[in-house]
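Next come the chains, spelled out residue by residue.
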Amino acid sequence: AKRQGKWEYGSRARGIRAAVILPIDDAADGRHVILVEQYRVPLGKACIELPAGLIGDDSEGEDPLVAAGRELEEETGYRAERLDNLGEFYSSPGMVSESFTLVRASGLTKTGEGGGVEGEGITPLRVALDELAEFIEAKRAGGYAIDVKLLILLGSDYLKLSA
């Protein structure tokens with residue numbers, strides 16, 4: 001943790017950045033998103049998230065799109081024909097200084113089982129976009145954490161849900 005005046009916040013060492021991938025699978029059986037389930041130590045439980053990984057984890061100065069393509073395939077077992085940089089975002093600006101580059105992945109081809117590198121314990125999930133709200137609510141009811149970035153996919157429909 002770092003401190004500046006009364007503020008305490010978290011920061012990654014060496015200014016390491018992250019790539020978060022929004023993988024959309026336009027297939028014959030409809031439009032799907034590829035999510036991941038992973039146990040998160042700070043939360044003490046499994047979390048449903050978009051695939052993500054560190055930029056420059058292996059090589060300094062790595063391009064965010066290269067990192068995103070690598071992480072997508074490692075975590076989900078899908079390779080993208082096209083990767084688009086959608087910009088830099090901050091997930092919790094009052095608490096952490098970390099930003100992430102959001103990358104849309106399309107033209108997906110299944111190349112393997114995914115799961116990440118050894119010890120990551122990642123489970124890829126292919127979810128129909130028109131069933132996403134129900135999927136997330138079922139996971140939440142089952143005790144899973146839900147990453148705030150999934151609101152990207154729920155969008156304005158989520159605001160219409162009755163309380």
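All figures in this text were calculated on a predicted structure; none of them were measured in a lab.

A. Structural context of the overall build of the protein chain. Looking only at helices and strands, one finds three helices and ten strands in the protein chain. When the helices and strands of the protein chain are listed from N to C terminus, the series reads β-β-β-β-β-β-α-β-β-β-α-β-α. Classification of the 163 residues of the protein chain by burial places 36% in the buried group. Once local pairs closer than 6 in sequence are excluded, the contacts in the protein chain between residues at least 24 apart make up 64%. Total accessible area on the protein chain stands at roughly 9700 Å², and carbon and sulfur atoms take up 50% of it.

B. Seen up close, the packing of aromatic side chains. By the definition in use, this model includes one aromatic pair. Plain terms: the ring middles of Phe 89 and Phe 100 are 6.0 Å apart, the flat faces sit at 25 degrees to each other, and that makes the pair stacked. Of the two residues, Phe 89 sits in strand S7 (residues 78-90) while Phe 100 sits in strand S8 (residues 99-110), which places them eleven residues apart along the sequence. Phe 89 gets classed as partly exposed once you look at its relative accessible area, which sits at 36%. Lying over the aromatic face of Tyr 144, Lys 139 brings its terminal NZ or CZ to 4.4 Å of the ring centre. The ring of Phe 100 has Lys 149 lying over it, and the distance from NZ or CZ to the ring centre is 5.2 Å.

C. Region of the structure containing helix H2 (residues 132-141). Residues of H2 that are buried include every one of Leu 132, Ile 136 and Lys 139, and no others. Burial along H2 is one-sided: seen end-on, the buried residues are contained in an arc of 65 degrees. Away from the buried face of H2 by more than 90 degrees, exposed residues Glu 134, Ala 138 and Ala 141 are located. Backbone geometry just after H2 places Gly 143 at a positive phi near 95 degrees.

D. Examining the environment of Gly 112 more closely. By secondary structure assignment, the location of Gly 112 is in the loop between S8 and strand S9 (123-128). Among the residues examined, Gly 112 registers a relative accessible area of 24% and is labelled partly exposed. Separated by 38 residues in the primary sequence, Gly 112 and Glu 74 have C-alpha atoms spaced 8.6 Å apart. Dropping the residues within four chain positions of it, Gly 112 is found in contact with Thr 76 and Gly 77.

E. Inspection of the pattern of salt bridges at higher detail. Taken as a whole and assessed by the stated rule, the structure comprises 13 salt bridges. Between Asp 26 and Arg 31 there is a salt bridge, with the nearest N and O atoms lying 2.7 Å from each other. Exposure remark for Asp 26: the relative accessible area of 54% places this residue in the exposed category. A salt bridge links Lys 149 to Asp 147, with the nearest nitrogen and oxygen atoms 3.1 Å apart.

Reading guide: rules and limits
Residues numbered from 1 in each chain as written. Predicted model: local features only at pLDDT ≥ 70, side-chain atom pairs only at ≥ 80, totals over all residues. Heavy atoms only, no water. Helix = DSSP H or I, 4+ residues; strand = E, 2+ residues; numbered from the N terminus. Buried < 20%, exposed > 50% of the residue type's maximum accessible area, 1.4 Å probe, protein only. Contact = heavy atoms within 4.5 Å. Areas by Shrake-Rupley, 256 points an atom, 1.4 Å probe, with all protein chains shown as cover. Phe/Tyr/Trp six-rings, centres within 6.5 Å; stacked < 30°, edge-to-face > 60°. Lys NZ or Arg CZ within 6 Å of the ring centre and 35° of its normal. Arc of directions from axis to C-beta. Salt bridge = Lys/Arg side-chain N within 4 Å of Asp/Glu carboxyl O.

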